[in-house]
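Architecture at a glance
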Amino acid sequence: MHPIQFIVFLPLLAALVAGLGARLIGKVPAKLVTTLALFASCALSWPIFISFLNGSAQESVTPVLQWVRSGDLDFQWALRVDTLTAIMLVVVTSVSALVHLYSWGYMDEEPDQSRFFAYLSLFTFAMLMLVTADNLVQMFFGWEGVGLASYLLIGFWFRKPSASAAAMKAFVVNRVGDLGFMLGIFGTFLVFGTVSIPAILAAAPGMAGSTIGFLGHRFDTMTVLCILLFIGAMGKSAQLGLHTWLPDAMEGPTPVSALIHAATMVTAGVFMVCRLSPMFATSETAMHVVTYVGAATLFFAATIGTTQWDIKRVIAYSTCSQLGYMFVAAGVGAPGAAMFHLFTHAFFKALLFLGAGSVIHAMHHEQDMRYYGGLRKHIPITFWAMMMGTLAITGVGIVDVFGFAGFYSKDSILEAAYASGTAPGHFGFFMGIFAALLTSFYSWRLMFLTFWGKPRWEQSEHIQHAVHDAHGHGHDDHAHGHDDHHAHGHASDGTGGYHPHESPLVMLLPLVLLSVGAVLAGFVFHGSFISEGEGEFWKNSVAFSEHLIHAMHGVPEWVKWAPFAVMVAGLAGAYVAYIANPGIPAAFSAAIGPLYRFVYNKWYFDELYNAVFVKPAMALGRVFWQQGDIGIIDRFGPNGAAWVVARSSRIAVRLQSGYLNSYALVMLVGLVGAVSWVIAR
Amino acid sequence: MIGFPILSLMLLVPLVGAVACLMAGRESARMIALAVTLLDLVLGAVLWSHYQIGGPTWQFQEHASIFAGFEWKLGIDGIALLLIALTVFLMPICIGASWNAIEKRAGEYYANFLIMETLMIGVFTAQDLFLFYIMFEAGLIPMYLIIGIWGGADRIYASYKFFLYTLLGSVLMLIAMMWMVNEAGTSDIPTLMAYSFPVKAQTWLWLALFASFAVKMPMWPTHTWLPDAHVQAPTAGSVILAGVLLKMGGYGFIRFSLPMFPEASAQFAPLVWGLSMAAVVITSLIALVQHDIKKLIAYSSVAHMAIVTVGLFAFNRQGLEGSMLIMLSHGLVAGALFLAVGVIYDRLHTREIDRYGGLAINMPAYALFFMLFTMASIGLPGTSGFVGEFLSLMGIYAQSSWVALICTTGIILGAAYMLYLYRRVVFGVQKNEDAAAMPDLDKREWAMMIPLAAVVLWMGVYPETFLAPMRKDIAALDARLAQARPRGDADVQLAAMPPAAATHEHGDAMEHGEQAAHAARHEGAR
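Residues numbered from 1 in each chain as written. Chains lettered and ligands numbered in written order. Predicted model: local features only at pLDDT ≥ 70, side-chain atom pairs only at ≥ 80, totals over all residues. Heavy atoms only, no water.

The following threshold applies: UniProt positions are given in the numbering used here, feature names are shortened, and annotations may be inferred rather than shown by experiment.
With an unreviewed UniProt entry as reference, chain B is termed NADH-quinone oxidoreductase subunit M, source organism Novosphingobium sediminis. In its Sequence similarities (unreviewed entry) section, the UniProt entry covering chain B states "Belongs to the complex I subunit 4 family."

Looking at an unreviewed UniProt entry, one finds chain A named NADH-ubiquinone oxidoreductase chain 5 and attributed to Novosphingobium sediminis. Under the UniProt heading Catalytic activity (unreviewed entry), the note attached to chain A is "a ubiquinone + NADH + 5 H(+)(in) = a ubiquinol + NAD(+) + 4 H(+)(out)".

**Structural notes on the overall build of chain B**
Our working rule: Every helix listed is a DSSP run of H or I at least four residues long, and every strand listed is a run of E at least two residues long, numbered separately from the N terminus. To get the radius of gyration, use the C-alpha atoms; to get the globule rule, take the number of residues to the power 0.38 and multiply by 2.2 Å. Buried residues are those whose accessible area, probed at 1.4 Å on protein chains only, stays under 20% of the maximum for their type, while exposed residues exceed 50% and partly exposed ones sit between those limits. Note on definitions: a residue-residue contact is assigned when non-hydrogen atoms from the two residues lie within 4.5 Å. Counting rule applied: Lys, Arg positive; Asp, Glu negative; His and chain ends not counted. Note on charges: their place is set at NZ of Lys, CZ of Arg, CG of Asp or CD of Glu.
Each helix and strand counted, chain B has 24 helices and two strands in total. For 526 residues, the compact-globule estimate of 2.2 N^0.38 gives 24 Å, and the C-alpha radius of gyration of chain B, at 23 Å, lies within 12% of that figure. Viewed in the frame of its principal axes, chain B has a C-alpha envelope of about 80 × 60 × 40 Å. For chain B, with 526 residues in total, the buried portion stands at 69%. Long-range contacts, defined here as pairs at least 24 residues apart, represent 81% of the contacts in chain B between residues at least 6 apart. The averaged location of the 36 negative side-chain charges in chain B is 5 Å from the averaged location of its 29 positive side-chain charges.

**Examining the overall build of chain A**
Put simply, the test is: All accessible areas in this document rest on Shrake-Rupley with a 1.4 Å probe, and a residue is counted as covered only by the protein chains that are shown.
When its secondary structure is counted, chain A shows 30 helices and six strands. Its C-alpha atoms give chain A principal-axis dimensions of about 105 × 70 × 55 Å. Split into buried and exposed, the 681 residues of chain A put 61% on the buried side. Element-wise, carbon and sulfur atoms account for 67% of the exposed surface of chain A, whose accessible area totals about 24400 Å². For chain A, the distance from the average position of its 34 positive side-chain charges to the average position of its 39 negative side-chain charges is 12 Å.

**Describing the interface of chain A and chain B**
Quick note on the threshold: The term buried area denotes the loss of accessible surface (1.4 Å probe radius) that occurs when two parts are joined, taken as the sum for both partners. Here a salt bridge means any side-chain nitrogen of Lys or Arg lying within 4 Å of a carboxyl oxygen belonging to Asp or Glu. Identification of polar contacts relies on pairs of N or O atoms within 3.5 Å, with a donor-acceptor requirement for protein atoms, meaning one able to donate a hydrogen and the other able to accept it, and with residues adjacent in sequence counted only if both atoms are side-chain atoms.
Every contact between the two is made by 89 residues of chain A and, on the other side, 105 residues of chain B. When the two sides are added together, the surface that chain A and chain B hide from each other amounts to roughly 8300 Å², 74% of it contributed by carbon and sulfur. The tally of links from chain A across to chain B stands at two salt bridges. B:Lys161 is paired through a salt bridge with A:Asp634; the nearest N and O atoms lie 2.6 Å apart. Between chain A and chain B we count 18 residue pairs in polar contact (both at pLDDT 80 or more) in total. The leading source of residues in the side of chain A that touches chain B is helix 7 (residues 161-192) of chain A, at 19 residues.

**Section: the confidence of the model for chain B**
Residue and element names in this part refer to chain B. Note the following rule: Residue-level confidence of the predictor, termed pLDDT, takes values from 0 up to 100.
Looking at chain B as a whole, its pLDDT mean stands at 87, while 93% of the residues score no less than 70. Confidence drops under pLDDT 50 across residues 498-526; counting only partners more than four residues distant or on other chains, this segment forms 31 contacts. The complex prediction reports pTM at 0.91, with the ipTM value standing at 0.91.

**Quick notes on the pattern of salt bridges**
Residues and elements named next belong to chain A. Across all of its chains, the model carries 29 salt bridges over all chains by this definition. The partner of Asp 178 in a salt bridge is Arg 175, with the nearest N and O atoms 4.0 Å apart. With Asp 178 and Arg 175 both in helix 7 and three residues apart, the pair spans about one turn of that helix. The two residues Asp 178 and Arg 175 agree in class, both being buried. A network of salt bridges, in which partner residues are shared, links Glu 59, Arg 80, Asp 82, Asp 134 and Arg 275.

**A short note on empty space enclosed by the protein**
Residue and element names in this part refer to chain B. Rules: A 1.4 Å probe that fits but cannot get out identifies a cavity on a 1 Å grid over protein atoms alone, an open set with protein on both sides within 12 Å along at least five of seven lines counts as a pocket, and a residue lines either if it has an atom within 4 Å of a point. Grid points are joined across faces, edges and corners, and a volume is the space filled by probe spheres set on the points. Residues are sorted three ways: Asp, Glu, Lys and Arg are charged, Ala, Val, Leu, Ile, Met, Phe, Trp, Tyr, Cys and Pro are nonpolar, and all the rest, Gly among them, are polar.
If you walk through the whole model with that rule in mind, you get 10 cavities of 30 Å³ or more. Quantified by volume, the largest cavity comes out at close to 120 Å³. If you trace the largest cavity, you find 13 residues lining it, with His 304, Ser 329, His 330, Ala 376 and Ser 377 closest to the centre. The set of elements that each furnish at least two residues to the lining of the largest cavity consists of helix 14 (293-312), helix 15 (317-348), helix 17 (364-378) and helix 18 (384-397). The greatest single-element share of the lining of the largest cavity, amounting to six residues, is contributed by helix 15. Grouping the amino acids of the lining of the largest cavity by side-chain chemistry returns five nonpolar, seven polar and one charged. The volume enclosed by the second largest cavity comes to roughly 100 Å³. Sorting the residues of the lining of the second largest cavity by element identifies helix 13 (262-288), helix 14, helix 17 and helix 19 (401-425) as the ones contributing at least two each.

**Notes on the packing of helix 3 (residues 27-53) of chain A against helix 5 (residues 113-131) of chain A**
Residue and element names in this part refer to chain A. Keep this limit in mind: Each axis is a line fitted through C-alpha atoms, taken for helices only over the stretch in contact, and angles between the N-to-C directions span 0 to 180 degrees. The cut-offs work like this: below 35 degrees is roughly parallel, past 145 is roughly antiparallel, 65 to 115 is roughly perpendicular, and the gaps in between are oblique. In this scheme the crossing of two helices becomes right-handed for a clockwise turn of the near helix relative to the far one and left-handed for an anticlockwise turn of less than a right angle.
Packing of helix 3 against helix 5 brings their axes to within 9 Å, and their N-to-C directions diverge by 20 degrees. Regarding the angle of helix 3 to helix 5, the classification is roughly parallel. For helix 3 against helix 5, the interelement crossing comes out left-handed. Note on element contacts: helix 5 touches helix 3 through Gln 113, Ser 114, Phe 117, Ala 118, Ser 121 and Thr 124, opposite Lys 27, Ala 30, Lys 31, Thr 34, Thr 35 and Leu 38. Partitioned by chemical class, the residues of the contact of helix 3 with helix 5 number four nonpolar, six polar and two charged.

**Comments concerning the confidence of the model for chain A**
Of the residues in chain A, 90% have a pLDDT of 70 or more, and the chain-wide mean is 87. Low confidence marks residues 650-658 of chain A, where pLDDT is under 50. Its contacts with residues over four positions away, or in another chain, come to 10 contacts.

**Considerations on the layout of surface pockets**
Take a probe with the size of a water molecule and roll it over the atoms, and the empty space left behind shows itself. Of the pockets and cavities examined, the second largest pocket occupies roughly 1100 Å³. If you go around the second largest pocket, you meet 29 residues; those closest to its centre are A:Val172, A:Tyr609, A:Phe613, A:Val614 and B:Ile412. Elements with a contribution of two residues or more to the lining of the second largest pocket: helix 7 and helix 28 (605-636) of chain A together with helix 13 and helix 19 of chain B.

**Comments concerning the UniProt feature "domain: NADH-Ubiquinone oxidoreductase (complex I) chain 5 N-terminal" (unreviewed entry) in chain A**
The UniProt feature table records "domain: NADH-Ubiquinone oxidoreductase (complex I) chain 5 N-terminal" (unreviewed entry) at residues 67-117 of chain A. End C-alpha to end C-alpha, residues 67-117 of chain A measures 28 Å, and it is 57% helix and 25% strand.

**Re unusual backbone geometry**
For residues other than glycine, phi is negative in most cases, and the peptide bonds are mostly trans. Residues and elements named next belong to chain B. A cis amide bond, omega -10 degrees, links Met 217 with the succeeding residue Pro 218. Structurally, the position occupied by Pro 218 is in the loop between helix 9 (199-216) and helix 10 (225-232). Trp 220 connects to Pro 221 through a cis peptide bond whose omega is 5 degrees. Although it is not a glycine, Asp 491 adopts a positive phi angle of roughly 45 degrees. For Asp 491, the location among the structural elements is in the loop between helix 22 (464-482) and helix 23 (502-508).

**Focus on the packing of helix 3 (residues 78-98) of chain B against helix 12 (residues 247-260) of chain B**
Residues and elements named next belong to chain B. As a packed pair, helix 3 and helix 12 sit with axes 12 Å apart at the nearest point and diverge in direction by 170 degrees. Considering the angle they form, helix 3 stands roughly antiparallel to helix 12. Contact residues: Ile 79, Ala 80, Leu 83 and Leu 86 in helix 3; Lys 247, Tyr 251, Ile 254 and Arg 255 in helix 12. Its residues assigned to classes, the contact of helix 3 with helix 12 shows six nonpolar, no polar and two charged.

**Some remarks on the state of the cysteines**
A covalent bond between the sulfur atoms of two cysteines is what we call a disulfide. Put simply, the rule reads: Any pair of cysteine sulfurs within 2.5 Å is marked as a disulfide.
This model, assessed by the stated rule, comprises zero disulfides over all chains. Free of any disulfide, B:Cys21 has its nearest neighbouring cysteine sulfur in B:Cys94, separated by 14 Å.

**Observations regarding helix 1 (residues 3-20) of chain A**
Let me state the cut-off plainly: In this scheme, a helix's expected span is set at 1.5 Å multiplied by one less than its residue total.
With 18 residues, helix 1 of chain A should cover 26 Å at 1.5 Å per step; its first-to-last C-alpha distance of 26 Å lies within 8% of that length. Where helix 1 of chain A is buried, its residues touch helix 2 (22-25), helix 3, strand 1 (60-70), strand 2 (73-81), helix 4 (83-106) and helix 5 of chain A.

**Some thoughts on the environment of B:Ile121**
Residues and elements named next belong to chain B. Inspection of the secondary structure assignment puts Ile 121 in helix 4 (residues 106-125). When the C-alpha positions of Ile 121 and Leu 11 are compared, they lie 6.7 Å apart, and in sequence the two are 110 residues distant. When near neighbours in sequence (up to four residues on either side) are disregarded, Ile 121 contacts Met 10, Leu 11, Asp 40, Ile 84, Thr 87 and Val 88.

**A short note on helix 19 (residues 423-451) of chain A**
All names here are of chain A. When the terminal C-alpha atoms of helix 19 are compared, their 41 Å separation across 29 residues agrees well with the 42 Å that a helix rising 1.5 Å per residue should span. Burial runs high along helix 19: 22 of the 29 residues are buried. The backbone nitrogen of Gly 425 lies 3.0 Å from a side-chain oxygen of the residue at the head of helix 19, namely Thr 422. Count one or two residues on from helix 19 and you reach Gly 453, which has phi positive near 75 degrees.

**Side note on the side chain of B:Thr235**
All names here are of chain B. Mapping Thr 235 onto the fold places it in helix 11 (residues 235-245). Accessibility expressed as a relative area gives 11% for Thr 235, which makes it buried. Sequence-distant contacts of Thr 235, that is, excluding residues within four places in its chain, are made with Ala 97, Lys 294, Phe 338, Leu 339 and Gly 342.

Okay, structure coming up:
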């Protein structure tokens, strides 16, 4: 038996045991089962990845079960393992295992923990089915499965109206993307006669330049198919237009944000485009669309990130923006760079989210950075972990010496965009450079607001509650009685008498391990992912262009140094605005008033969609119901007929003696007529 | 094959049970009904296990002349087998759902249900046109009675509407059938399925049958009887209405309209597509604004049935098989959803969405089942709802990308109204004290939910079990439709090639839909 079966199905098994059997086995065993299953999956995944790194492994497909056979359409449940899958395997299982562990601490006070762990494991199973898919339909299964798990986890605190609304929004907005994905699969089957990914990729070049009729017009076949599939990717990966669900998804518990809405699920769209990169390569138009959408997203999300106050929302927009980078890479024909950024991003973004969770944990569920400040000394391990994450995302490093993870991957994307020499590539490059400036700014803004300066905790309602509870119930395990006594005296120092504590070990351990990833992932693996010999590593699992790789290394020096320059500029800007002269942000945002409000309100996408889609849908529904069904169809149909009958015959319509008998009579007369007719004939 | 006339036995058993129920009191009537439906379920299992997949087209045939040209002629193919299986599977669950809910005139109630079972199985087994007609029309009488006697406050209006809609269709269908028998000289359904009616006559016959089947389906705009009927019917009535009675329209199309009038079917395909597109969008939007849980699910049924009709009129294997799978899946899922509504209706006696809320807190097991069936209704891959919907939409895409696009919006709207429902009923805080005090599922309710959940997942993960019996019959139908198949709008054309390859090019440039059809026909012939 191939280990992949264990890797994929252990989490499913654990989810079933924990989810359905929780009442029998209890809370702790349920948590234990899921966490152990994930660590086992993780332990089995790394050897596979390493064997692909050193070139000793071959791609394999492990069939599991027949799924659907209908005419020519024939596909199975099967588990594919190749380089691309191996990368995703370690990303998914590692982050998931660490998030499971972290949740022991973070969700400790939650009464409904086994349900949480079951959902997490279910998610991991679905994600693994997605990345091991050998055909488009199984990919869609995983795609929707992670959507379901995401829905359940965003809505985990289902009592909160905002959480259940966000869960529903995530599912429905994703379904808009799925519409494209499904039509893409239909079209692909129509054109290629199969949904098997390897078969499609092999046949795709032969269809380049062909035309297809679609919605009454004729288009380039591959462009239509790729763009339809890409619409699916846009939904899952929260690209501009279909991104509105991602910030709201932060309603879910923070470990969920780290696992699903940062490291794994949202990268599924990038994975899909990379998996199908030989197909996308046959349509220049589709590639341009991917690049433009990615570039627009990375810019737009970064602008919003600079204005948000909720620590999780800043990181959420940052995720959205980083996904844009990955699409730019995929769009300019550098799937290797896209996957590399996906890989490093998983570590440092999960780290940032889990770090934020640790801060939120320490700050008694307060998420507004306006009420943070000065936490550096109180939660030092969290601080250093987040520092590593920030160094990684802002891409700190010296060319040819050493850099944190994001330095290698983000810079390779920018170099590839520049080196591609196309107009969308250059657009992506300049947008990417500008967004890198914003990335550095908002990341350091987050760090400065949270960890530097004076505490501003006393204005926070959460903190006030915490302190109040400690007084009222007299079981304050954070502070000594002496401090309690002077609590109100402390008000002037901004702490409000609150004493944040570092998180427990189960939460810190994942932070430390992910920090190692954030520091080293780029340095250790860039040779495999994006060097000129990458063909050996990728082994045809993605369409890589040797030519582009070569050009990447030949870009002008200023292109190589530009990301470094904007990173320093962003850091300096954040330092000036949030440490040296804290009056600047308010004055600046007042000065650019309308523009600030536009960005702060997330470019008014939610308001727009509400006005254009949600409200009209409800209004139309009411019109179709009241005016259509009742006002027209019923009025002129059955009610009208009843009126005619009542007026003409005045027969009381009663059940037993009325129309039922007449109905039976009609039937009988008909049958008698039929019989006599058959006989007489 | 099997040593005794199993089909007649399956018809007879519920009939005998019905007579016994009429004479029994409440307690014994429900025991009899349960025993009888379980016995028919066992017979159904025997039937399936003895059905030879890939064997003769018509199996378990029985034949006896009655009088004056009327014939007792039974027999099933794979399509009928699946629908019979659905019927006998749902019946014991319906009896279970009525267990405590029905108090007045219980004997008559159960007798009605058992008679309905006989008639429903009769529809799917009849091989004589007039026998089919009797079963098809008479099957509605017990349903009228169930709605009219054991229904809610507005039951008279609801059953009246049901009656008016069906009446028109039946009359036209009867006339058409008489004409058909006259023209072909036989009322034998298998013979008629292979008979070539003149194309001009097909048009009128198709329209006459369409009037009946479209109402039963129901297709927009003849759907307005359904929400009222569902809302007023008792829980078990809704289950069987959504589960089996709605499938009769689809069965009619697949057994009569398509094989008997292929040319007319192709001619009217745009009409069917148009009505279906309208149904998907309009009824989904209406479902979005409902306050009554049952009405919401009823409107969602209309939207789902529209995907069935586009699949049937896609003229290819995926469309036809997908439609059959949706019918089976919808029978289970809509049935399960009505059952789920019944569970809380039994406790609180209201269908108003606003009267519930936060059920996940006091009814966690219920919330889990409701989630599963909601997801199946939305068509989540891995549940039964997905496979059929996917195949149907894939089928119609080969004909028209516009129709596919509009109908696929159903996956967005479906998610919206179902999750909105789930959010209001199961999520949120417990704002109503009486709803918060409701106990979770009891043993009887578990026993009804578990089999439904199991089959819903089974059909989603391994639909081969349900595809295999009908494969050959669908292939035969597909082959018969091939002559009339409209040309799809995709028409893939390869890029211009150098002249040397020109002769080869022609073969390659052949529309893929055609290639698929070739392969399908080839397979069907094997």
